[in-house]
Each structure stands twice: as structure tokens, then as C-alpha cells.
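The residues making up each chain are set out below.
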Amino acid sequence: MKQPDTIAIPLKVQRVGQRTKTATLSFPRHSRILDAFVGNFRQPSLAIAVAVLLLVLGWAIKPSLFTRFDPIQGDAAERLAAPSARHLFGTDQLGRDVLSRMIYGAGESVRAALLAIAIALVVGSLLGLIAGLSGSVVDSIIMRVVDILLSIPALLLSIVVVTALGFGTTKVAIAVGISGIGEFARVMRSSVLSIASRKYIESSYGLGLGHAHVAFTHVLPNALSAVLALASISFGNVILQIASLSFLGYGNPLPAPEWGSIIADGRNYLVSGWWLIVLPGLVVIAVVLSANRLGHAWND
Amino acid sequence: MTALLQIENLHLTYHDSQQSVEALQGISLDVQQGQTVSVVGESGSGKSSLAHVILRTLPDATTVSGTVLFQGRNVLDFKPKEITSYLGSDVGYIPQDPAVALNPVRKIGAQLIGVLRLRNRITKAQAKQQAIQLLTDAGLPHAETLLEKYPHQLSGGMLQRVLIAIVMALHPKLLIADEPTSALDVTVQRVVLDCLDRFIRKTGSAMLLITHDLAVAAERSSRMVIMHHGTIVEQGETSALLNNPQDEYSKRLIRAVPSMDSERLLSSDPYVPDDEEALLEVKHVRKAFPGNHSAPHVALDDVSFNIPDGRVLALVGESGSGKTTTARIVVGTEKPDSGYVQFKNTKYAGLNNRDSRPIRRKIQMVYQNPYASLDPRYSVQRLLDEALTASGNKDSATRRAQIRDLIADVSLPNTVLDQKPGDLSGGQCQRVAIARALAMKPDLMVLDEPTSALDVSVQNDILHLLHKVQVEHDMAYLLISHNLAVVRMLADEVIIIHDGLIVEQGETDQVLANPQHPYTQQLVSSIPRWHRHVNVPSSLT
């Protein structure tokens, strides 16, 4: 499919009898980035989602840019202060700025989420690839193992793995990753099954190429798009799972800032300060929804 | 007499979020009562869009201008209620794929009776009788049992005839048939088209026959309209048009169609039969697949043939005959249950993947659909590079030079090297597929319907390319085709296969001129012949 030379944005749709008239604003296309940028404006929800995720990414990379408050050392004089111009999210029981703790915690959460998804993606895809390309025996064995993984509720599975591995955000990430393997394996396998019957795979074997070579150079790249879409949709869910496990106490011990533990900690002072839970909770919700929205857009 | 359908200056534009495409640019044509007009064109010419305009089945994102007068009323101005009464009783539609047009979860009888009771107040019993009568008129045997069957239980040809019966049950004044037989075998094609003719003559309907097949149009219509890029380049009485085309495009199109009168592209070397060693020997091959219900389906039942070095052998059969299975066994994708396949005196059917590799590399296949046979994510450069590496070329510099030679061999410009299959046209894509096969320096190329998925004008070019390659490399071909005209053009010998058995084989011109086996005779007589209609002057062949 050839790319058009101009970008046209339909502005107004006017129905005249049976026919619809659209006026278009068009300008020349200069780059794909501009194209993606303009694309965002057509769907405001996508633009917002991208903005939120970019902000959180900024928080993760360089937290000091976004806040001047120390997330660990608090100012006792300002304990349990309500949200104000100075402390946008208020302060907690030790006088620490809540927003600054969220900003510094973003790095932990994002790193952990990426690790979890990477584990689920790589291991799950590999299993799915092997299952899809192998004969029925190997395929059945792998898929029954996957079925077992899928039949256990994800959170429960993560808790079991963490209990075995030990506490800490990294181990939480590994646990969440392991619980996600099943889904990725299944999606990859169905993608591989449909690709493997295509004629260009058959003709690659006709060139005399070996099974492993064809699997990684032809099958995998074409089957990857479904799995990548799942990865981006799962991102939000993974953040939630990690936050939940931290909330339950399996993450890094205090005073390390991590979204789940911030919320858990806030439970104790809920009566004195609603902002300790509500505002961090809203941040988590916003990130989860944004990741989800981006994942759906990628899917399209 | 006013025409039944009068189209004047019709313009149609499709809009999507990025661009607008003008599908029809100023179309004007008439269809008289009871007349059959064929609309001929290649893909993208706008012929299907024309059908959709007349049927008012266009999507919302379109702009239409001009007039489409059906019995004096402008179809484009119809309100939804008027469209409902117009479709079915005034205008009927037969699409290409009957399986999609029929409801898969309702019995044939229910669908047919439902339609009959739609416009007439008759009882179920009366409708059933009429349904049986209609199916019998359509030439379908055992009409009573047919009523109880579901669409998936019928073959393509039977389904299409059922669909014709359903559509004609309402006695439409105009029937639009959009490529009604393109998906069917040539013998079935004839049966379906005859059925269509019978119904039309009985109800006195006019027909707009949309097809890319000039031969079908020539046989079945009195007027022909040739479309190209959304415009009508020429129209007129069929035989006059075919005899004496005026427009350049028409001339090119007519000249490009492989027919029984096209020039034959054969190697001019005299053939000396060599009894000692044939390049490829297939002996007593039998292959069965696990069947649906209990008995395994026997695809091939004792098939034997030889391909001598440098000769072109064609394998002709219809769907289900076993020709595709034969091709796959020759290439090595499938293994025969019994019998053997021998390449240069080495049996390779029993060998495992690794051992048979050097032999399989010397037998390359070119597939029917060029887009499906090339990895859509690879550029042409990378595709050819991969093939050259697989055939043992370690040095990247020599590979680059060889890639340029290969591209030149298939008459493609160097600019295609950076493009992906999706950016290329069908003809260009098939050339790349041929180049890739050539990169392996094969001794035998298996061509599986290499031109069936391509437009007519491109088919001719590809056939000439295949001939050139054959002569230059002294290549042996196994050409699989259902199209006897193409076979006549390229093949020295032909084998006719039917239900897994070889029914006839021999030199192509002898078999076609003097078919012995009844099945071959049926095949040869089913070819739509338009030289019957027409005196094609020698300047056109």
C-alpha cells in the first residue's frame, strides 16, 4: 500500500439528503513522526493516554527534574498536610511529599513492569513458537502445561512464586512475569499456527532452509505482532499486579517508595488524610488505563 | 424502445480517511430488455463498483453523480423503502462466491422456500413444489433430497446453480452476475453458464455479465463493454468488437488472452527421446489423506510419468484431481505412501529433510499467488539474498552482483530491490518469485498455475518470460494448469489427471486435436471458444 503525499483531516461532516460532504484540512506529510503526532489529534483519548505515559516515563528516568522534595526524608513540621499549592498531593505521616514519593516510585514500578512483561513475553513466545511448529505430541505437552498455568488465578500464582523466591520488587516482577507466560504462549501459538501454513513458509523450506532457521527468520517476525499487541495491553494489568503485591507487603520494605506500598501505608492514616490513598490510587488508575488505550491503538 | 437500464455519465468516488479514489469516471451504457451485456475488465477497472452502484449497495463513504435509470426511474434517488422493493424483483444479483451468499446454518430448501413466499402468498406445500421445479430446471438431480441439505454439503458448481435458482425465483427484470464462474472449474463453468442462459431465456430477463474472462463474455453476450481504469474504452456488438477492436487497450487485451489460436512458445530444438535417463521419474505413486468420515481420501492412485531434461510437461486436471498433491510430492513437501520419485537416478521421497536437501534445492516451485509465496516483511533484495545464500554463495559481494543479474533476467528494474512484495504489482511479484526460484539454479521448475491469479495482460508477459527462461537455461518445467490454452502455449507434452489417475498423456497438439479419453474430450469441448464467433485476423495473433 502506498502512502499518500498529503495528510487530510476530515473536519466537518454535513449530511445533505443522502450524501455526506466532508471538508478536509490537508497539509503535506513530512515524516512518519508527524503523521503519528497528527494521528493523535483525531482520537483525543489516545493523545491523553500517550501524554500520561510519556509523563510517567519522564518520572521514571529523571525524577529529580519533576520534584524538589526528598521522597525519603520528611519534614516533621509538615506532616499530614492536605493537598495545596506547595504539596500537590499533600504529605504523609512523616512529612514526606506524597507526589514526590509517587514520582520516585514510578521508576521502580515501570522497571518492574517492564521486567515482568519481558519475562512473560520471551518465555511465553518461545513456548508458543515451539508448540506451534512442533508435531502434535510436543504441542500437546506444552499446551497442557500452559493450561495449568492459566487455570491458576494470576495474583495467586504470583504470591506463591514470591513466597518461594523471597520478597523485593524484582522478585515480585519475576513472579508476575511467570504468571503471565500462559497467555503469551497461547497467543503466540495461534499466531504461529496461522503463519506456518502460509505459502511463503513452505517456499522457504523449498529453498532447503532448516526448521530452526525458518522459525526464527520467517515465522517469528510475522507472528510477533499479535504478541506485541498483547504486551502493550498487559502493561497496565501488570502495573496493577505489582502494585497489589506491594500493597500486600511482598515488595521492597519501607521506606522505599513504590506505588503499591505507598497506598498500603496510607491505609493506616486514612481518617486523617484521604489524599494518602485517593490521589496515588488515581495515578495508578490513570497509568493502567493509558497503557490499555495505547495497547488497543497498537492493535489497530 | 426505452432501454431497461440507462446509465448516463456516472461518476463514483470512494473516500477514506487518507485519500479519495475515483472508481468510475463518466460511465454511460444501456441495457435493453432481454439483452445480455458483458462488462469486461481487469482488476481495478471498476466493473464491480458499477454493479454496486446499480444495486445501491455502496458503503457510506462514497460520492456518486450522474443518473442510473431503471425503467425510467433514477435508482440513485431511491429511498430505502423503494430500494427494498427494487432489489429482488426488479434487479437480481449473483456474486462470485456462492458459499458466502447463502446462509450456512439454514437448509437449501428453507432458503429457497423463504424467497418464494416472500413476494407471493402461497402455502408452504406449494412453495415446496415450486422449489423442486426450480432446482430441476437448474439441472440439479435429486431435487427433493437437495432441499434438506446445507450449503457446505454441496460443491461450488451446485451451490452456484442453487443460488441462480433462488435469485431467478423472483423473476428479476435485470440480472447482474459478478464473475459467476471465476471460482469454478472449466467443465462446471459451462454447466453453470448454461443454467444461467436457460433461466434468462425463460424469464426474458436482461443480464449484465461482469467478467475478466474474454472468452466467456464472447460466448454468452450480444454486446460487450470493455472497461479500464474506471472508463469505458470501447463498447459494441460482441463479434464486431472482437473482430475489429478500435481502441489500443482493447487490441492489447484481446491479443493477450491465451486462446487455442495464440502462438505456441516452444523450444525450437528438435527433441530426441532419451530412454536412458529422464530428469524426473515418478513411478506408481499413491497418496491418501485421512478422510472426514471414515474412509481415507485417495488423492493419487498409481500415478507414473517422466520428465526428460529440458522439456515442458503440463499436468492438467480440475480441482480434486490430485494435480496439486503431485506437485507437492515432486517438490518434496509431501511424501508418497507408496511408489517412488526419482531425480537424476536418486530416489528422494524416503529421505529425511536434511539428506534430501541438495535434491530439493534443484527442484523449485513457483506458486499461484505471488503475494502469498513471498515473505511480506522482506524486501526483494533480502529475498533473493536469502535464496542465494541457501544455494551456497558465501561471498556477499558476488551475491549482490548475482542479484542484479537475476533482476535483469526477469526484466525488472533495479528499483524493485528495496521494495516489499506488498508494494509490487501482481506481475512484478511473480517475476520476483521466478527470480528467486532461478537463484537456486534448479534443473526442474514446478509451476503451479503461475498465471491464474494475474490479470490477462500480465499473464501474457509472464508466459513469455517463462518461455525465455526455459530456453536460456534449458530448464525442465512441470506446468500445472487447468487452462488448456496456456498449456498449448507452453507445453511440449501434456498429462491429463482425473480423480487421482492419469487418463491420457502425449504430445500436446495431438492430445488437444484428438482426445481419446472421454474426460479429455469433455475438457477440450468445455473450453469457451470465441474463434467460433469471430474471425480473428492474423494481425492480432
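What counts and what doesn't
Counting starts from 1 at the beginning of each chain's written sequence and moves along it residue by residue. Chains carry letters from A onward and ligands carry numbers from 1 onward, assigned in written order. Local features in this predicted model are restricted to residues of pLDDT 70 or higher, and side-chain atom pairs are both shown and tallied only at a pLDDT of 80 or more, whereas totals for entire chains, interfaces and linings draw on every residue. Excluded from the side-chain calculation are hydrogens and water; included are all heavy atoms of the structure. UniProt positions are given in the numbering used here, feature names are shortened, and annotations may be inferred rather than shown by experiment. Segments assigned H or I by DSSP are reported as helices when at least four residues long, segments assigned E as strands when at least two residues long, and all are numbered from the N terminus. Exposure categories follow from relative accessible area, calculated using a 1.4 Å probe and restricted to protein chains: below 20% of the type maximum is buried, above 50% is exposed, and the middle band is partly exposed. The protein chains shown are the only cover counted for residues, whose accessible areas, like all others here, come from Shrake-Rupley with a 1.4 Å probe. Residue contacts follow a heavy-atom distance rule, with two residues in contact if any of their heavy atoms lie within 4.5 Å. Note: buried area is the sum, over both parts, of the accessible area (probe 1.4 Å) each one loses when the two are combined. A side-chain nitrogen of Lys or Arg and a carboxyl oxygen of Asp or Glu constitute a salt bridge if their distance falls within 4 Å. Residue type decides the class: Asp, Glu, Lys and Arg count as charged, Ala, Val, Leu, Ile, Met, Phe, Trp, Tyr, Cys and Pro as nonpolar, and the leftover types, Gly among them, as polar. Strand pairing is assigned whenever DSSP detects at least two bridges linking the two strands. Angular values range over 0 to 180 degrees, each being the angle between N-to-C directions of two axes fitted as lines to C-alpha atoms, with helices fitted over their stretch in contact. Each residue carries a pLDDT score, the predictor's confidence in it, ranging from 0 to 100. Residue types Ala, Val, Leu, Ile, Met, Phe, Trp, Tyr and Cys, when buried and joined through side-chain atoms within 4.5 Å, form a set referred to as a nonpolar core. Here a pair means two rings of Phe, Tyr or Trp (six-membered ring of Trp) with centres within 6.5 Å. Their orientation is stacked below 30 degrees between planes, edge-to-face above 60, and tilted elsewhere. A positively charged side chain is recorded as over a ring if its NZ (Lys) or CZ (Arg) lies within 6 Å of the ring centre. The angle to the ring normal must also be within 35 degrees.

- An unreviewed UniProt entry annotates chain B as Glutathione ABC transporter ATP-binding protein of Bifidobacterium olomucense.
- Taken directly from UniProt, the Sequence similarities (unreviewed entry) text for chain B runs: "Belongs to the ABC transporter superfamily."

- Named according to an unreviewed UniProt entry, chain A is Peptide ABC transporter permease originating from Bifidobacterium olomucense.
- Turning to chain A, the UniProt record has this under Subcellular location (unreviewed entry): "Cell membrane".

1. Section: the overall build of chain A
Then comes step 1: Assigned secondary structure in chain A consists of ten helices and two strands.
Then comes step 2: The helix and strand sequence of chain A, counted from the amino end, reads β-β-α-α-α-α-α-α-α-α-α-α.
Then comes step 3: Counting across all 300 residues of chain A, residues that qualify as buried make up 46%.
Then comes step 4: In the structure as shown, chain A presents an accessible area of about 15,200 Å², 67% of it carried by carbon and sulfur atoms.

2. Observations regarding the UniProt feature "domain: ABC transporter" (unreviewed entry) in chain B
Then comes step 1: On the UniProt side, "domain: ABC transporter" (unreviewed entry) is annotated at positions that read residues 5-254 and 280-524 of chain B here.
Then comes step 2: Helix and strand shares over residues 5-254 of chain B are 42% and 27% respectively, and the end C-alpha atoms of the span are 27 Å apart.

3. Quick notes on the interface of chain B and chain A
Then comes step 1: Between chain B and chain A, the contact holds 30 residues from the first and 26 residues from the second.
Then comes step 2: The contact between chain B and chain A buries some 2,400 Å² in all, and 43% of this surface belongs to carbon and sulfur atoms.
Then comes step 3: Our count for the chain B to chain A interface comes out at one salt bridge.
Then comes step 4: A per-element tally of the side of chain B that touches chain A places helix α13 (residues 353-361) of chain B first, with four residues.
Then comes step 5: Tallied by class, residues from the side of chain B that touches chain A come to twelve nonpolar, seven polar and eleven charged.

4. Some words on the sheet that holds strand β17 (residues 444-448) of chain B
Residues and elements named next belong to chain B.
Then comes step 1: The strand order across the open sheet built from six strands is β16-β17-β18-β13-β19-β20, with neighbouring strands paired in mixed fashion. Every other strand in the sheet has two partners, leaving β16 (363-366) and β20 (501-507) as the edge strands with one partner each. Strand-to-strand twist in this sheet, taken as the mean axis angle between neighbours without regard to direction, amounts to 20 degrees.
Then comes step 2: Relative to β20, strand β19 (residues 493-498) runs antiparallel, the two being bridged by six bridges. For Ile 497, the partnering residue across the bridge sits in β20 and is Ile 502.
Then comes step 3: Packed on one face of the sheet, helix α12 (residues 323-331) meets β13 (312-316), β16, β17, β18 (476-481) and β19 and runs near 155 degrees to β17.
Then comes step 4: Strands β13, β19 and β20 of the sheet are contacted by helix α21 (residues 518-526), whose axis makes an angle of about 105 degrees with β19.

5. As for the UniProt feature "transmembrane region" (unreviewed entry) in chain A
Residue and element names in this part refer to chain A.
Then comes step 1: UniProt's feature table lists "transmembrane region" (unreviewed entry) at residues 44-61, 112-133, 145-166, 226-248 and 269-291, given in the numbering used throughout.
Then comes step 2: For the annotated span residues 44-61, helix accounts for 100% and strand for 0% of the residues, and the straight-line distance between the end C-alpha atoms is 26 Å.
Then comes step 3: Between the end C-alpha atoms of residues 112-133 there is a gap of 31 Å, over a span that is 100% helix and 0% strand.

6. What about the sheet that holds strand β4 (residues 62-70) of chain B?
Residues and elements named next belong to chain B.
Then comes step 1: The strand order across the open sheet formed by four strands is β2-β1-β4-β5, and the pairing between neighbours is antiparallel. Only two strands of the sheet have a single neighbouring strand rather than two, namely β2 (20-31) and β5 (73-74).
Then comes step 2: In terms of strand pairing, β4 meets β5 through two bridges, oriented antiparallel. The residue of β5 that forms the bridge with Phe 70 is Arg 73.
Then comes step 3: Packed onto the sheet, helix α1 (residues 47-55) meets β1 (5-15), β2 and β4 and runs at close to 110 degrees relative to β1.

7. Some remarks on the confidence of the model for chain B
Then comes step 1: Taken as a whole, chain B shows an average pLDDT of 87; of its residues, 96% reach a score of 70 or greater.
Then comes step 2: This stretch, residues 532-541 of chain B, has a pLDDT under 50; its non-local contacts, to residues over four places away or in other chains, come to 16 contacts.

8. Digging into unusual backbone geometry
Residues and elements named next belong to chain B.
Then comes step 1: We note that Arg 56 has phi near 55 degrees; this positive angle belongs to a residue other than glycine.
Then comes step 2: Structurally, Arg 56 can be placed in the loop between α1 and β4.
Then comes step 3: The partly exposed category is assigned to Arg 56, whose relative accessible area is 24%.
Then comes step 4: You will see that Lys 344, though not glycine, has its phi angle at about 50 degrees, which is positive.
Then comes step 5: Relative to the assigned elements, Lys 344 resides in the loop between β14 (338-343) and β15 (346-347).
Then comes step 6: A relative accessible area of 40% places Lys 344 in the partly exposed class.

9. Comments concerning the nonpolar core
Then comes step 1: Judged by nonpolar contacts, the single largest core of 115 residues is most densely connected at Trp 259 of chain A together with Val 380, Leu 384, Ile 407, Ile 434, Met 445 and Tyr 477 of chain B.
Then comes step 2: By residue number, the principal contributor to this core is helix α3 (residues 98-133) of chain A, which donates 13 residues.
Then comes step 3: Ignoring any residue separated from it by four or fewer positions in sequence, one finds Leu 384 of chain B in contact with Ile 403, Leu 406, Ile 407, Leu 417, Val 432, Ala 435 and Arg 436 of chain B.
Then comes step 4: In terms of nonpolar packing, the next biggest core, distinct from the first, is built from 41 residues, Ile 122, Leu 134, Leu 154 and Leu 159 of chain B among them.

10. Some points on the packing of aromatic side chains
Each aromatic ring pair is described using two quantities: the centre-to-centre distance and the angle formed by the ring planes.
Then comes step 1: Within the structure shown, the criterion is met by four aromatic pairs over all chains.
Then comes step 2: When the ring of Phe 167 of chain A is compared with that of Tyr 250 of chain A, the centres are 5.3 Å apart and the planes differ by 70 degrees; the resulting orientation is edge-to-face. With a gap of 83 residues between them, Phe 167 of chain A in the loop between α5 (154-165) and α6 (169-196) and Tyr 250 of chain A in the loop between α8 (211-247) and α9 (259-267) connect regions that are remote in the sequence.
Then comes step 3: With a relative accessible area of 52%, Phe 167 of chain A lands in the exposed category.
Then comes step 4: Among the aromatic side chains, those forming a connected cluster through ring pairs are Phe 70, Phe 78 and Tyr 86 of chain B.
Then comes step 5: Seen from the ring of Tyr 340 of chain B, Lys 347 of chain B lies directly overhead, with NZ or CZ sitting 4.3 Å from the centre.
Then comes step 6: Looking at Arg 382 of chain B, its charged tip hangs above the ring of Tyr 378 of chain B, at a distance of 3.8 Å from the centre.

11. Overview of the pairing of β13 of chain B
On a regular strand, each side chain points to the face opposite its neighbour's, so the side chains alternate between the two faces of the sheet.
Residue and element names in this part refer to chain B.
Then comes step 1: Most of β13 is tucked away: five of the five residues are buried.
Then comes step 2: Of the two faces of β13, the one holding Val 312, Ala 314 and Val 316 and the one holding Leu 313 and Leu 315 are both buried throughout.
Then comes step 3: Bridge count between β13 and β18: five bridges; the pairing is parallel. Residue pairing in the sheet places Leu 315 in a bridge with Ile 480 of β18.
Then comes step 4: Looking at chain direction, β13 and β19 are connected through four bridges and run parallel. Following the sheet pairing, Leu 313 is matched in β19 by Glu 493.

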